[in-house]
Amino acid sequence: MIRVHVVGVALDPAQQHVILLKPVDTTTDGDRVLPVWIGPQEAMSILVAIERTGSPRPLAHDLMTAMLGELSASVDRVEITHLDEGTFHARVVVNTPAGPRTFDSRPSDGIALASRADAPILVANAVFEEAGVPDEAVELDGGGADEDRVEEFRRFLEGVDPEDFQG
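This is a predicted model, so every value here is computed, not measured.

A. Looking closely at a nonpolar patch on the surface. On the surface, Leu63, Met67 and Leu71 cluster together to form a nonpolar patch covering roughly 320 Å² of accessible area. Relative to the helices and strands, Leu63 is located in helix α2 (residues 60-70).

B. View of the sheet that holds strand β7 (residues 121-123). Here eight strands make up an open sheet; going across it, the order is β6-β5-β4-β7-β1-β2-β3-β8 and the pairing mixed. At either margin of the open sheet sits one strand with a lone partner, and together these are β6 (99-105) and β8 (133-134). Inspection of the sheet shows strand β1 (residues 2-11) paired to strand β2 (residues 17-23) by seven bridges, in the antiparallel sense. Among the inter-strand pairings, Val9 is bridged to a residue of β2, identified as Ile19.

C. Just the packing of α2 against helix α3 (residues 107-117), in detail. Two elements in contact, α2 and α3, have axes whose closest approach is 10 Å; the angle formed by their N-to-C orientations is 60°. Here α2 lies oblique to α3, going by the angle between them. Crossing of α2 against α3: the hand is right-handed. Between α2 and α3, the residues in contact are His61, Asp62, Met64 and Thr65 and Asp109, Ala112, Leu113 and Arg116, respectively. Among the residues forming the contact of α2 with α3, the class breakdown is three nonpolar, two polar and three charged.

Rules and cut-offs
- Residues numbered from 1 in each chain as written.
- Predicted model: local features only at pLDDT ≥ 70, side-chain atom pairs only at ≥ 80, totals over all residues.
- Heavy atoms only, no water.
- Patch = residues over 30% accessible without salt bridge, like charges linked within 9 Å, V, L, I, M, F, W, Y side chains within 5 Å.
- Areas by Shrake-Rupley, 256 points an atom, 1.4 Å probe, with all protein chains shown as cover.
- Salt bridge = Lys/Arg side-chain N within 4 Å of Asp/Glu carboxyl O.
- Helix = DSSP H or I, 4+ residues; strand = E, 2+ residues; numbered from the N terminus.
- Pairing = 2+ DSSP bridges.
- Axes fitted to C-alpha atoms, helices over the stretch in contact; angles between N-to-C directions.
- Parallel < 35°, antiparallel > 145°, perpendicular 65-115°, else oblique.
- Left-handed = near helix turned anticlockwise from the far one by under 90°.
- Contact = heavy atoms within 4.5 Å.
- Nonpolar A, V, L, I, M, F, W, Y, C, P; charged D, E, K, R; others polar.

So this is what it looks like as structure tokens:
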């Protein structure tokens with residue numbers, strides 16, 4: 001397994017969100033990144049966590065983190081374990097009073113949790129070999145674009161009225 005960290009969120013040419021993971025130890029595949037396509041809500045949740053900006057109301061991953069804490073459990077690590085027909089698979093390892101527990105997860109949810117819990121994110125060597133790309137192949141927006149998206153999301157959350165969602 002290769003320990004990675006989030007280096008950013010980008011948009012691909014089709015305007016799909018991509019989370020970019022880079023090895024922590026740059027002597028191991030340090031010139032490559034692992035792009036993982038995620039949804040816009042997950043992208044925003046990860047951005048809020050890695051930028052430590054918070055939101056006026058808890059997001060789903062904030063709720064999960066709070067629940068784990070109340071249950072005396074914590075995220076030990078997130079592992080991106082394999083790639084199956086273009087789909088990444090992950091698991092979240094949680095320390096509980098009853099011992100470690102492992103849960104299947106979408107990589108985006110695992111990364112959002114790990115980002116809040118300061119837990120390590122690990123990628124199987126075979127996954128990184130198969131799906132990693134040279135870091136010159138991807139361009140990150142200059143940090144301001146991500147900050148603008150977080151600020152826009154925060155304004156949206158502040159203006160939401162629960163009645164807007166009633167059927």
